[in-house]
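# Residue-level structural notes
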Amino acid sequence: MEHSITLKDRSSLDISGIEHIYSFNDKKVELRTSAGEMVIEGENLDMGKLSLDESIITVEGTINSIVYSKERKPQESFIKRLFK
């Protein structure tokens, strides 16, 4: 799946190659793309367009940062770590 981002005037962000959206609020968006995990931070963030069929999302608001990170690893439960 192809992944691309287009940022216009720090106020409109188009992202393709979306695989999963972990969370979305007015300050932070956490998602997984075909190129890895991505965190978008800003102010007054709003989902302008979401198409799961096309794997596209549009985020509108003031974009302050876009960060890629390594893939999330499932967290071990507290009980499992306690009895290791």
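Being a predicted model, the structure only gives us computed values, none of them experimental. (Residues numbered from 1 in each chain as written. Predicted model: local features only at pLDDT ≥ 70, side-chain atom pairs only at ≥ 80, totals over all residues. Heavy atoms only, no water.)

Within the largest apolar cluster, eleven residues are counted, these being Leu13, Ile15, Ile18, Val29, Leu31, Met38, Ile40, Leu45, Ile57, Val59 and Ile63. Looking at this core, the elements that each hand over two or more residues are strand E2 (12-16), strand E4 (28-33), strand E5 (36-51) and strand E6 (56-69). Setting aside residues up to four positions removed in sequence, Ile15 forms contacts with His3, Ser4, Ile5, Thr33, Met38, Ile40, Ser55, Ile56 and Ile57. (Core = buried A, V, L, I, M, F, W, Y, C linked by side-chain atoms within 4.5 Å. Buried < 20%, exposed > 50% of the residue type's maximum accessible area, 1.4 Å probe, protein only. Helix = DSSP H or I, 4+ residues; strand = E, 2+ residues; numbered from the N terminus. Contact = heavy atoms within 4.5 Å.)

Turning to unusual backbone geometry, a few remarks are in order. Residues other than glycine seldom take positive phi values, yet Asn44 does so here, at roughly 55 degrees. Following the sequence through the fold, Asn44 ends up in strand E5. Given the relative accessible area of 60%, Asn44 is considered exposed. Positive phi, close to 60 degrees, is recorded for Ser55, a residue that is not glycine. Mapped onto the elements of the fold, Ser55 is located in the loop between E5 and E6. The buried category is assigned to Ser55, whose relative accessible area is 11%.

In the sheet, E2 pairs with E6 via five bridges, with the strands oriented antiparallel. When the sheet's bridge partners are listed, Leu13 is paired in E6 with Val59. Pairing of E5 with E6, which is carried by twelve bridges, proceeds in the antiparallel orientation. Its bridge partner lying in E6, Met38 is registered against Tyr68. (Pairing = 2+ DSSP bridges.)

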